[in-house]
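Below are the chains, spelled out letter by letter.
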Amino acid sequence: MYVCVCNAIRESDLRAAARGCRGDAADLYASFGQMPQCGQCLDEVEEILIEERRFARLPVRTPA
Ligand code: FES
């Protein structure tokens, strides 16, 4: 399933990249060589980051 339609990024790819990402959603997009366009996916991407960090028992930063 595509989470970010603008950049054609799938949930499975986001989750895999989130496990190695120590930054925020913008850093995650950057790992794909992309940047947010419309921004409609940002909340879901932040949630994916939080879930994957909790799963990996890494510190969780909540969005401001
Ligand atoms: S859906 Fe991700 S930037 Fe538009």
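Attention in this report is confined to the structure presented alongside it. Computed from a predicted model, the values in this text were never measured in an experiment. (Residues numbered from 1 in each chain as written. Predicted model: local features only at pLDDT ≥ 70, side-chain atom pairs only at ≥ 80, totals over all residues.)

### Remarks on the overall build of the chain
Put simply, the rule reads: Only DSSP runs of H or I with at least four residues qualify as helices, and only runs of E with at least two residues qualify as strands; both kinds are numbered from the N terminus onward. Exposure classification rests on a simple neighbour count of other C-beta atoms within 10 Å of a residue's own: a residue reaching 20 or more is buried, one at 12 or fewer is exposed, and one in between is partly exposed. C-beta atoms are placed from the backbone. We call two residues in contact if the C-beta atoms placed from their backbones are at most 7 Å apart.
When you go through the chain residue by residue, the secondary structure sums to 3 helices and 2 strands. Secondary structure elements of the chain occur, N-terminal to C-terminal, as β-β-α-α-α. For the chain, the spread of C-alpha atoms along the three principal axes comes to 30 × 25 × 20 Å. Within the span of the chain, comprising 64 residues, buried residues form 20% of the whole. Sequence-distant contacts, at least 24 apart, represent 38% of the contacts inside the chain between residues at least 6 apart.

### Considering the packing of helix 1 (residues 11-18) against helix 3 (residues 42-55)
For the record, the criterion: As a rule, the C-alpha atoms of each element are fitted with a line to give its axis, helices using only the stretch in contact, and angles between N-to-C directions run from 0 to 180 degrees. Small angles under 35 degrees read as roughly parallel and large ones over 145 as roughly antiparallel, with 65 to 115 read as roughly perpendicular and the rest as oblique. Each crossing is labelled by how the near helix is turned from the far one, with a counterclockwise turn of less than a right angle marking it left-handed and a clockwise turn marking it right-handed. When residue character is reported, Ala, Val, Leu, Ile, Met, Phe, Trp, Tyr, Cys and Pro are called nonpolar, Asp, Glu, Lys and Arg charged, and the others, Gly included, polar.
It is the contact of helix 1 with helix 3, at a shortest axis distance of 9 Å, that shows an interaxial angle of 50°. By the angle between their directions, the pair helix 1 and helix 3 is classed as oblique. The handedness of the crossing between helix 1 and helix 3 comes out as right-handed. In contact with L14, R15 and A18 of helix 1, helix 3 contributes V45, I48, L49 and E52. For the contact of helix 1 with helix 3, the per-class residue count stands at 5 nonpolar, no polar and 2 charged.

### A short note on helix 3
Spelled out, the test is: One less than the residue count of a helix, multiplied by 1.5 Å, gives the span that helix is expected to have. Arc definition: it is the arc formed by the directions from the helix axis to the C-beta atoms.
For helix 3, which comprises 14 residues, the first-to-last C-alpha distance of 20 Å matches the rise-based estimate of 20 Å (1.5 Å per residue) to within 8%. V45, I48, L49 and E52 are the residues of helix 3 that are buried. One face of helix 3 carries all of its buried residues, which in axial projection span an arc of 100°. Pointing more than 90 degrees away from the buried face of helix 3 are the exposed residues D43 and R54. Contacts made by the buried residues of helix 3 are with strand 1 (2-4), helix 1 and helix 2 (25-30). Once helix 3 finishes, R57 follows within two positions and takes phi at roughly 60°, a positive value.

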